[in-house]
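Report on the structure
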Amino acid sequence: MPDVEISLDASILNDDAAHPAARAPGHQPALTGCPWHDVNEMLQAAGLRPTRQRMALGWLLFGKGARHLTAEMLYEEATLAKVPVSLATVYNTLNQLTDAGLLRQVIVDVTKTYFDTNVTAHHHFYLENNHELVDIPDPHLVLQKMPEVPEGYEIARVDMVVRLRKKR
Ligand SMILES: [Zn+2]
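These lines cover the structure that appears in this document, whether it is placed above or below. (Residues numbered from 1 in each chain as written. Predicted model: local features only at pLDDT ≥ 70, side-chain atom pairs only at ≥ 80, totals over all residues.)

The next point concerns helix 3 (residues 52–62). The buried count for helix 3 comes to 9 of 11 residues, which makes it a mostly enclosed element. Among all positions in helix 3, only R54, M55, A56, L57, G58, W59, L60, L61 and F62 are buried. (Buried ≥ 20, exposed ≤ 12 C-beta atoms within 10 Å, placed from the backbone. Helix = DSSP H or I, 4+ residues; strand = E, 2+ residues; numbered from the N terminus.)

Set out below in structure tokens:
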């Protein structure tokens, strides 16, 4: 339904006053500068059909630079942006985008899983007081000694989450 597509597009763009890059022509962020177009390309390249819900959620996720979001946070943003999705759909979409390599999962603990729009290798600080995940700027942070890996296996990735709390 083309009408629905257009109205959804417009309502999301209008709701996002805090994203001047999407409005100002000439100021081009990464990729082509049109998040809507980029999300479409990104989904297609990953072999995912650009459904209305994937487009809307992808726009919220990828339209604002590198971010760390939980499913609940994205669900709240979607609700505020008047995107009609359920929390279950948000979970499914996040998992599909992760499987497609467009997002990286960062598991802080059993109750908190973040989705990172930056899929390059990097580690995180977790600020326990405000439940916030922050990139560790040094990409060369390494373990002093890697553990022995069982025969037939190789290390796929090392995720380091350094938990921080405010000093008392
Ligand atoms: Zn990150």
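Viewed as axis vectors pointing N to C, helix 4 (residues 71–80) and helix 5 (residues 87–99) meet at an angle of 120 degrees, and their least axial separation amounts to 9 Å. By the criterion of interaxial angle, the relationship of helix 4 to helix 5 is oblique. Crossing hand, helix 4 versus helix 5: right-handed. Residues A71, L74, Y75 and A78 of helix 4 touch helix 5, and the partners they reach there are L87, V90, Y91 and L94. (Axes fitted to C-alpha atoms, helices over the stretch in contact; angles between N-to-C directions. Parallel < 35°, antiparallel > 145°, perpendicular 65-115°, else oblique. Left-handed = near helix turned anticlockwise from the far one by under 90°. Contact = placed C-beta atoms within 7 Å.)

The next thing to look at is the sheet that holds strand 5 (residues 132–135). Spatially, the 3 strands line up as an open sheet ordered 5-4-6, and their pairing is mixed. Only two strands of the sheet have a single neighbouring strand rather than two, namely strand 5 and strand 6 (161–164). Across the sheet, the mean angle separating the axes of adjacent strands is 25 degrees when strand polarity is ignored. Relative to strand 6, strand 4 (residues 124–127) is paired through 4 bridges, and the arrangement is parallel. Bridge pairing links L127 to L164 in strand 6. (Pairing = 2+ DSSP bridges.)

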